[in-house]
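Residues per chain, in single letters:
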Amino acid sequence: MTRALAHPNIALVKYWGKQNKTGNMPATPNLSITLSELTAVTTINDSDRFRFQLNGQQVNDPKVSALIATMTDTFSLPPLQIDSTNNFPTSAGLASSAAGFAALVTGIDAHCHLGMDAALRSEWARRGSASAARSICGGFVALVPPDWQAQSLAPTNHWPLEVVVAVTSHDAKAVSSSEGMERSRLTSPFYNQWLRSAGDDYAEAALAIATRDFEKLATVAELSCLKMHSLMLTSSPTLSYWTPASVACMDRIRELRNHGEAVFFTVDAGPQIKAVCLPESRVTVAKALSEVPGVLEILSCSLGEGARIIDDEEPLTGR
Ligand code: 2P0
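These figures come from a predicted structure and were not determined experimentally. (Residues numbered from 1 in each chain as written. Predicted model: local features only at pLDDT ≥ 70, side-chain atom pairs only at ≥ 80, totals over all residues. Heavy atoms only, no water.)

1. So, the sheet that holds strand β12 (residues 273–277)
The pairing of strands in a sheet comes from backbone hydrogen bonds and takes either a parallel or an antiparallel form.
Next, step 1: Taking strand neighbours across the sheet as the criterion, the four strands line up as β11-β12-β10-β13 in an open arrangement whose pairing is antiparallel. On the outer flanks of this sheet lie β11 (263–267) and β13 (297–302), each paired with one strand and no other. In this sheet, adjacent strand axes meet at a mean angle of 25 degrees when their direction is disregarded.
Next, step 2: Pairing between strand β10 (residues 162–167) and β12: five bridges, direction antiparallel. Bridge pairing in β12 links A166 to I273.
Next, step 3: Running over the sheet, helix α8 (residues 244–258) touches β10, β11 and β12 and is turned about 160 degrees from β11. (Pairing = 2+ DSSP bridges. Helix = DSSP H or I, 4+ residues; strand = E, 2+ residues; numbered from the N terminus. Axes fitted to C-alpha atoms, helices over the stretch in contact; angles between N-to-C directions. Contact = heavy atoms within 4.5 Å.)

2. A closer look at the site of the ligand
Next, step 1: As a matter of local geometry, the ligand sits amid 19 residues, with Y15, K18, K63, S131 and S178 nearest to it.
Next, step 2: A distance of 2.7 Å separates an oxygen atom of the ligand from a polar atom in the side chain of R134.
Next, step 3: Here S178 contributes a side-chain N or O atom positioned 2.5 Å from an oxygen atom of the ligand.
Next, step 4: Protein chains shield 94% of the accessible area of the ligand, which is 470 Å² for the free molecule.
Next, step 5: Looking at which element gives the most residues to the shell around the ligand, the answer is helix α5 (residues 177–187), with three residues.
Next, step 6: Class assignment for the residues of the shell around the ligand results in seven nonpolar, seven polar and five charged.
Next, step 7: Inspection of the shell around the ligand shows a minimum of three residues originating in each of domain 1 (2–157) and domain 2 (159–302). (Near = heavy atom within 4 Å. Polar contact = N/O pair within 3.5 Å; in protein donor to acceptor, adjacent residues only side chain to side chain. Areas by Shrake-Rupley, 256 points an atom, 1.4 Å probe, with all protein chains shown as cover. Nonpolar A, V, L, I, M, F, W, Y, C, P; charged D, E, K, R; others polar. Domains from an automatic or database assignment.)

3. Remarks on the domain arrangement of the protein
Next, step 1: Split by domain assignment, the protein resolves into domain 1 (2–157) and domain 2 (159–302).
Next, step 2: Domain 1 and domain 2 are separated by 22 Å when their C-alpha centres are compared.
Next, step 3: The largest per-residue losses of area from domain 1 upon contact with domain 2 belong to L12, K14 and W16, which jointly make up 28% of the total buried on that side.
Next, step 4: Put simply, domain 1 and domain 2 have one salt bridge between them.
Next, step 5: Run the count over domain 1 and domain 2 and you get nine residue pairs in polar contact (both at pLDDT 80 or more).
Next, step 6: Where the side of domain 1 that touches domain 2 is concerned, the elements lending two or more residues are β2 (9–13), β3 (30–34) and β8 (140–143). (Buried area = accessible area lost by both parts, 1.4 Å probe. Salt bridge = Lys/Arg side-chain N within 4 Å of Asp/Glu carboxyl O.)

4. Examining the packing of aromatic side chains
Next, step 1: For the structure on display, the rule yields five aromatic pairs.
Next, step 2: For the ring pair W159 and F214, a centre distance of 6.2 Å and an interplane angle of 85 degrees mean the geometry is edge-to-face. In this pair, W159 is assigned in the loop between β9 (151–154) and β10 and F214 in helix α7 (residues 214–233), connecting sequence segments 55 residues apart. Assigned by exposure class, W159 and F214 land together as buried.
Next, step 3: Chaining the aromatic ring pairs together yields one cluster made of F140, W159, F214 and F264.
Next, step 4: In this structure, R127 packs its charged tip against the face of W124, placed 4.9 Å from the ring centre. (Phe/Tyr/Trp six-rings, centres within 6.5 Å; stacked < 30°, edge-to-face > 60°. Buried < 20%, exposed > 50% of the residue type's maximum accessible area, 1.4 Å probe, protein only. Lys NZ or Arg CZ within 6 Å of the ring centre and 35° of its normal.)

Below you can see the structure in the form of C-alpha coordinates.
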(Lines give C-alpha, C1' and ligand atoms only; values in the text may rest on other atoms or scores of the structure.)
Protein backbone atom coordinates (compact mmCIF):
# COMPACT_ATOMS: atom_id res chain seq x y z
CA MET A 1 0.00 0.00 0.00
CA THR A 2 1.30 3.46 -0.91
CA ARG A 3 -0.14 6.82 0.11
CA ALA A 4 0.55 10.12 -1.63
CA LEU A 5 -0.58 13.60 -0.67
CA ALA A 6 -0.90 16.69 -2.84
CA HIS A 7 -2.34 20.14 -2.37
CA PRO A 8 -4.42 22.22 -4.75
CA ASN A 9 -2.80 25.21 -6.36
CA ILE A 10 -4.21 28.59 -7.27
CA ALA A 11 -3.16 30.15 -10.57
CA LEU A 12 -2.14 33.80 -10.40
CA VAL A 13 -1.62 33.86 -14.17
CA LYS A 14 -4.37 31.66 -15.51
CA TYR A 15 -4.49 28.73 -17.90
CA TRP A 16 -7.67 28.74 -20.02
CA GLY A 17 -7.27 27.08 -23.41
CA LYS A 18 -5.19 24.24 -24.80
CA GLN A 19 -2.82 23.77 -27.68
CA ASN A 20 -4.20 21.75 -30.55
CA LYS A 21 -1.78 18.84 -29.90
CA THR A 22 -1.67 15.66 -27.87
CA GLY A 23 -0.31 15.78 -24.32
CA ASN A 24 -2.80 18.28 -22.86
CA MET A 25 -0.55 21.32 -23.15
CA PRO A 26 -1.81 24.78 -22.22
CA ALA A 27 -1.89 27.42 -24.93
CA THR A 28 -0.34 30.05 -22.65
CA PRO A 29 2.29 30.17 -19.87
CA ASN A 30 0.76 30.11 -16.41
CA LEU A 31 1.90 30.47 -12.82
CA SER A 32 0.53 29.38 -9.46
CA ILE A 33 0.98 29.11 -5.73
CA THR A 34 0.57 25.75 -4.02
CA LEU A 35 -1.60 25.79 -0.91
CA SER A 36 -1.20 23.94 2.36
CA GLU A 37 -4.05 22.70 4.60
CA LEU A 38 -6.28 21.58 1.69
CA THR A 39 -5.27 18.05 0.68
CA ALA A 40 -5.97 15.20 -1.69
CA VAL A 41 -4.70 11.89 -0.33
CA THR A 42 -4.49 8.97 -2.74
CA THR A 43 -3.96 5.39 -1.63
CA ILE A 44 -2.72 2.80 -4.13
CA ASN A 45 -3.13 -0.94 -3.60
CA ASP A 46 -2.59 -3.96 -5.82
CA SER A 47 -5.90 -5.35 -7.06
CA ASP A 48 -7.41 -7.92 -9.42
CA ARG A 49 -8.73 -5.14 -11.70
CA PHE A 50 -8.63 -1.34 -11.98
CA ARG A 51 -10.89 0.40 -9.46
CA PHE A 52 -11.18 4.10 -8.60
CA GLN A 53 -12.92 5.53 -5.55
CA LEU A 54 -13.34 9.27 -4.90
CA ASN A 55 -14.28 10.29 -1.36
CA GLY A 56 -15.35 6.71 -0.60
CA GLN A 57 -17.60 6.28 -3.67
CA GLN A 58 -16.81 4.04 -6.62
CA VAL A 59 -16.77 6.38 -9.63
CA ASN A 60 -16.09 6.12 -13.32
CA ASP A 61 -14.00 9.20 -14.07
CA PRO A 62 -13.11 9.20 -17.80
CA LYS A 63 -10.02 11.36 -17.24
CA VAL A 64 -8.67 9.04 -14.54
CA SER A 65 -9.46 5.96 -16.63
CA ALA A 66 -7.75 7.46 -19.70
CA LEU A 67 -4.61 8.37 -17.76
CA ILE A 68 -4.41 4.95 -16.11
CA ALA A 69 -4.87 3.25 -19.49
CA THR A 70 -2.00 5.25 -21.03
CA MET A 71 0.27 4.69 -18.00
CA THR A 72 -0.59 0.98 -17.98
CA ASP A 73 0.43 0.70 -21.65
CA THR A 74 3.58 2.74 -21.20
CA PHE A 75 4.86 1.16 -17.98
CA SER A 76 3.12 -2.26 -18.02
CA LEU A 77 1.39 -1.47 -14.74
CA PRO A 78 -0.46 -4.19 -12.80
CA PRO A 79 -4.17 -3.61 -11.97
CA LEU A 80 -4.49 -1.08 -9.16
CA GLN A 81 -7.13 -0.02 -6.67
CA ILE A 82 -6.97 3.76 -6.28
CA ASP A 83 -8.74 5.60 -3.46
CA SER A 84 -8.64 9.39 -3.46
CA THR A 85 -10.00 11.56 -0.66
CA ASN A 86 -10.22 15.35 -0.57
CA ASN A 87 -10.61 17.31 2.65
CA PHE A 88 -12.33 20.15 0.71
CA PRO A 89 -15.24 20.52 -1.78
CA THR A 90 -14.71 18.55 -5.02
CA SER A 91 -15.32 20.09 -8.49
CA ALA A 92 -16.26 23.46 -7.06
CA GLY A 93 -13.43 25.72 -8.19
CA LEU A 94 -10.93 24.62 -5.55
CA ALA A 95 -8.61 22.74 -7.91
CA SER A 96 -9.55 19.29 -6.64
CA SER A 97 -8.48 17.70 -9.92
CA ALA A 98 -5.08 19.39 -9.71
CA ALA A 99 -4.40 17.93 -6.27
CA GLY A 100 -5.98 14.60 -7.20
CA PHE A 101 -3.92 13.92 -10.34
CA ALA A 102 -0.69 15.12 -8.70
CA ALA A 103 -1.26 12.69 -5.80
CA LEU A 104 -2.33 9.92 -8.20
CA VAL A 105 0.81 10.08 -10.35
CA THR A 106 3.08 10.49 -7.33
CA GLY A 107 1.47 7.44 -5.69
CA ILE A 108 1.67 5.25 -8.80
CA ASP A 109 5.29 6.25 -9.42
CA ALA A 110 6.26 5.15 -5.91
CA HIS A 111 4.01 2.08 -5.69
CA CYS A 112 5.17 0.70 -9.04
CA HIS A 113 8.83 1.81 -8.66
CA LEU A 114 8.79 3.83 -11.88
CA GLY A 115 11.66 6.08 -10.76
CA MET A 116 10.26 9.32 -12.18
CA ASP A 117 11.79 12.68 -11.27
CA ALA A 118 9.52 15.61 -10.41
CA ALA A 119 9.56 16.91 -14.00
CA LEU A 120 8.32 13.61 -15.38
CA ARG A 121 5.65 13.27 -12.67
CA SER A 122 4.55 16.79 -13.59
CA GLU A 123 4.26 15.78 -17.26
CA TRP A 124 2.14 12.74 -16.41
CA ALA A 125 -0.03 14.76 -14.01
CA ARG A 126 -0.52 17.32 -16.81
CA ARG A 127 -1.85 14.61 -19.10
CA GLY A 128 -4.57 14.02 -16.48
CA SER A 129 -5.30 17.70 -15.89
CA ALA A 130 -2.96 20.52 -16.90
CA SER A 131 -3.25 22.41 -13.62
CA ALA A 132 -2.18 19.20 -11.83
CA ALA A 133 1.29 19.59 -13.35
CA ARG A 134 1.78 22.56 -11.00
CA SER A 135 0.75 20.71 -7.80
CA ILE A 136 3.83 18.49 -8.14
CA CYS A 137 5.89 21.50 -6.96
CA GLY A 138 5.52 23.61 -3.81
CA GLY A 139 5.61 27.38 -3.30
CA PHE A 140 5.60 29.49 -6.47
CA VAL A 141 5.33 27.38 -9.62
CA ALA A 142 5.60 28.01 -13.38
CA LEU A 143 4.15 25.93 -16.21
CA VAL A 144 5.77 27.23 -19.37
CA PRO A 145 7.02 26.17 -22.81
CA PRO A 146 8.76 24.40 -24.35
CA ASP A 147 8.39 21.26 -22.21
CA TRP A 148 5.34 22.19 -20.09
CA GLN A 149 6.71 20.39 -17.03
CA ALA A 150 6.16 22.52 -13.93
CA GLN A 151 9.17 24.26 -12.43
CA SER A 152 9.63 25.84 -9.03
CA LEU A 153 10.04 29.62 -9.28
CA ALA A 154 10.61 30.07 -5.53
CA PRO A 155 10.12 27.97 -2.39
CA THR A 156 7.40 28.57 0.20
CA ASN A 157 9.70 30.59 2.47
CA HIS A 158 10.59 33.07 -0.31
CA TRP A 159 7.46 35.13 0.45
CA PRO A 160 4.92 33.90 3.02
CA LEU A 161 1.71 34.79 1.21
CA GLU A 162 -1.56 33.64 2.75
CA VAL A 163 -4.80 32.70 1.00
CA VAL A 164 -8.24 33.25 2.50
CA VAL A 165 -10.89 31.31 0.57
CA ALA A 166 -14.48 32.55 0.75
CA VAL A 167 -16.74 29.62 -0.13
CA THR A 168 -20.00 30.89 -1.66
CA SER A 169 -21.44 27.58 -2.90
CA HIS A 170 -20.80 23.90 -2.26
CA ASP A 171 -22.37 22.83 -5.57
CA ALA A 172 -20.25 21.07 -8.20
CA LYS A 173 -19.83 23.23 -11.30
CA ALA A 174 -22.24 22.74 -14.19
CA VAL A 175 -19.61 23.03 -16.96
CA SER A 176 -16.20 21.42 -16.46
CA SER A 177 -13.05 23.47 -17.01
CA SER A 178 -12.01 21.32 -19.97
CA GLU A 179 -15.33 21.85 -21.71
CA GLY A 180 -15.48 25.52 -20.75
CA MET A 181 -12.03 26.41 -22.03
CA GLU A 182 -12.67 24.64 -25.33
CA ARG A 183 -15.90 26.60 -25.67
CA SER A 184 -13.99 29.84 -25.03
CA ARG A 185 -11.29 28.92 -27.57
CA LEU A 186 -13.91 28.29 -30.22
CA THR A 187 -16.33 31.12 -29.53
CA SER A 188 -14.95 34.01 -27.47
CA PRO A 189 -14.07 37.05 -29.62
CA PHE A 190 -11.38 37.87 -27.05
CA TYR A 191 -9.50 34.56 -27.29
CA ASN A 192 -6.76 35.73 -29.68
CA GLN A 193 -6.05 38.76 -27.53
CA TRP A 194 -5.79 36.41 -24.53
CA LEU A 195 -3.15 34.37 -26.38
CA ARG A 196 -1.22 37.51 -27.32
CA SER A 197 -1.14 39.07 -23.85
CA ALA A 198 -0.52 36.05 -21.61
CA GLY A 199 3.26 36.06 -22.07
CA ASP A 200 3.53 39.63 -20.78
CA ASP A 201 1.29 38.83 -17.80
CA TYR A 202 3.44 35.82 -16.99
CA ALA A 203 6.69 37.83 -17.17
CA GLU A 204 5.24 40.62 -15.03
CA ALA A 205 4.02 38.20 -12.36
CA ALA A 206 7.30 36.26 -12.28
CA LEU A 207 9.19 39.53 -11.76
CA ALA A 208 6.77 40.66 -9.04
CA ILE A 209 7.34 37.36 -7.22
CA ALA A 210 11.14 37.54 -7.61
CA THR A 211 11.16 41.08 -6.17
CA ARG A 212 8.30 40.48 -3.66
CA ASP A 213 6.39 43.42 -5.15
CA PHE A 214 2.87 42.91 -3.78
CA GLU A 215 1.22 45.80 -5.67
CA LYS A 216 2.62 44.61 -8.98
CA LEU A 217 1.52 41.02 -8.32
CA ALA A 218 -1.95 42.21 -7.22
CA THR A 219 -2.40 44.21 -10.42
CA VAL A 220 -1.33 41.50 -12.85
CA ALA A 221 -3.04 38.62 -11.03
CA GLU A 222 -6.42 40.40 -10.88
CA LEU A 223 -6.04 41.37 -14.55
CA SER A 224 -5.26 37.80 -15.62
CA CYS A 225 -8.23 36.52 -13.61
CA LEU A 226 -10.63 39.09 -15.05
CA LYS A 227 -9.39 38.48 -18.60
CA MET A 228 -10.11 34.77 -18.13
CA HIS A 229 -13.61 35.52 -16.79
CA SER A 230 -14.13 37.88 -19.74
CA LEU A 231 -13.38 34.94 -22.04
CA MET A 232 -15.86 32.84 -20.08
CA LEU A 233 -18.59 35.48 -20.16
CA THR A 234 -18.14 36.13 -23.89
CA SER A 235 -18.23 32.44 -24.79
CA SER A 236 -21.29 31.10 -26.54
CA PRO A 237 -23.25 29.84 -24.65
CA THR A 238 -21.91 32.08 -21.90
CA LEU A 239 -20.02 30.63 -18.95
CA SER A 240 -20.79 32.31 -15.65
CA TYR A 241 -19.20 30.71 -12.61
CA TRP A 242 -19.90 33.48 -10.08
CA THR A 243 -22.61 33.86 -7.47
CA PRO A 244 -23.80 37.28 -6.26
CA ALA A 245 -21.63 36.68 -3.19
CA SER A 246 -18.56 36.12 -5.43
CA VAL A 247 -19.04 39.61 -6.88
CA ALA A 248 -19.65 41.12 -3.44
CA CYS A 249 -16.41 39.54 -2.17
CA MET A 250 -14.42 41.01 -5.07
CA ASP A 251 -15.85 44.46 -4.30
CA ARG A 252 -15.01 44.04 -0.60
CA ILE A 253 -11.43 43.03 -1.44
CA ARG A 254 -11.00 46.13 -3.63
CA GLU A 255 -12.27 48.28 -0.75
CA LEU A 256 -9.88 46.61 1.68
CA ARG A 257 -6.94 47.26 -0.66
CA ASN A 258 -8.00 50.90 -1.08
CA HIS A 259 -7.88 51.13 2.72
CA GLY A 260 -4.32 49.85 2.87
CA GLU A 261 -4.71 46.09 3.31
CA ALA A 262 -2.30 43.98 1.26
CA VAL A 263 -4.84 41.77 -0.50
CA PHE A 264 -5.99 40.88 -4.01
CA PHE A 265 -8.49 38.38 -5.38
CA THR A 266 -8.39 35.57 -7.83
CA VAL A 267 -11.28 33.36 -8.98
CA ASP A 268 -11.19 30.10 -10.92
CA ALA A 269 -13.87 28.11 -12.74
CA GLY A 270 -16.17 28.23 -9.75
CA PRO A 271 -17.83 30.61 -7.31
CA GLN A 272 -15.18 30.61 -4.56
CA ILE A 273 -13.10 33.76 -4.04
CA LYS A 274 -9.45 33.38 -3.16
CA ALA A 275 -8.06 36.44 -1.37
CA VAL A 276 -4.28 36.38 -1.53
CA CYS A 277 -2.76 38.52 1.21
CA LEU A 278 0.28 39.28 3.30
CA PRO A 279 0.21 37.67 6.77
CA GLU A 280 -0.51 40.98 8.55
CA SER A 281 -3.76 41.39 6.58
CA ARG A 282 -5.10 37.85 6.97
CA VAL A 283 -7.26 38.32 10.07
CA THR A 284 -8.88 41.52 8.75
CA VAL A 285 -9.52 39.96 5.33
CA ALA A 286 -11.00 36.76 6.80
CA LYS A 287 -13.31 38.73 9.09
CA ALA A 288 -14.43 41.09 6.32
CA LEU A 289 -15.19 38.26 3.89
CA SER A 290 -17.00 36.21 6.54
CA GLU A 291 -19.42 39.15 6.92
CA VAL A 292 -20.29 39.33 3.20
CA PRO A 293 -23.88 38.04 2.74
CA GLY A 294 -23.84 34.65 1.00
CA VAL A 295 -20.40 33.57 2.21
CA LEU A 296 -20.87 30.08 3.64
CA GLU A 297 -17.45 29.28 4.95
CA ILE A 298 -13.94 30.74 5.23
CA LEU A 299 -10.83 28.59 4.74
CA SER A 300 -7.33 29.90 5.45
CA CYS A 301 -4.19 28.49 3.85
CA SER A 302 -0.53 29.26 3.72
CA LEU A 303 1.81 28.18 0.96
CA GLY A 304 2.42 24.45 0.80
CA GLU A 305 4.90 21.91 -0.48
CA GLY A 306 4.67 19.76 -3.59
CA ALA A 307 3.15 16.30 -3.97
CA ARG A 308 4.83 13.63 -1.86
CA ILE A 309 4.60 10.15 -0.36
CA ILE A 310 3.34 10.03 3.21
CA ASP A 311 3.42 7.23 5.75
CA ASP A 312 0.40 5.86 7.61
CA GLU A 313 1.00 7.95 10.69
CA GLU A 314 1.36 11.33 9.02
CA PRO A 315 -1.49 13.81 9.68
CA LEU A 316 -3.43 14.47 6.48
CA THR A 317 -3.61 18.25 6.86
CA GLY A 318 0.11 18.99 7.22
CA ARG A 319 2.06 21.17 4.81
C1 2P0 B 1 -5.89 27.40 -13.76
N2 2P0 B 1 -8.11 26.42 -14.26
O3 2P0 B 1 -4.91 27.92 -14.33
C4 2P0 B 1 -7.23 27.54 -14.47
C5 2P0 B 1 -7.99 28.71 -14.00
C6 2P0 B 1 -9.43 26.83 -13.88
C7 2P0 B 1 -9.43 28.28 -13.99
O8 2P0 B 1 -6.58 24.92 -14.82
O9 2P0 B 1 -8.71 20.29 -19.09
O10 2P0 B 1 -8.85 21.05 -14.62
O11 2P0 B 1 -8.03 19.02 -17.07
O12 2P0 B 1 -6.37 20.45 -18.28
O13 2P0 B 1 -6.51 21.78 -15.28
C14 2P0 B 1 -8.71 24.08 -14.50
O15 2P0 B 1 -8.50 23.30 -15.61
O16 2P0 B 1 -8.28 21.48 -17.04
C17 2P0 B 1 -7.73 25.17 -14.54
P18 2P0 B 1 -7.81 20.24 -17.92
P19 2P0 B 1 -7.96 21.80 -15.55
O20 2P0 B 1 -5.82 26.89 -12.62
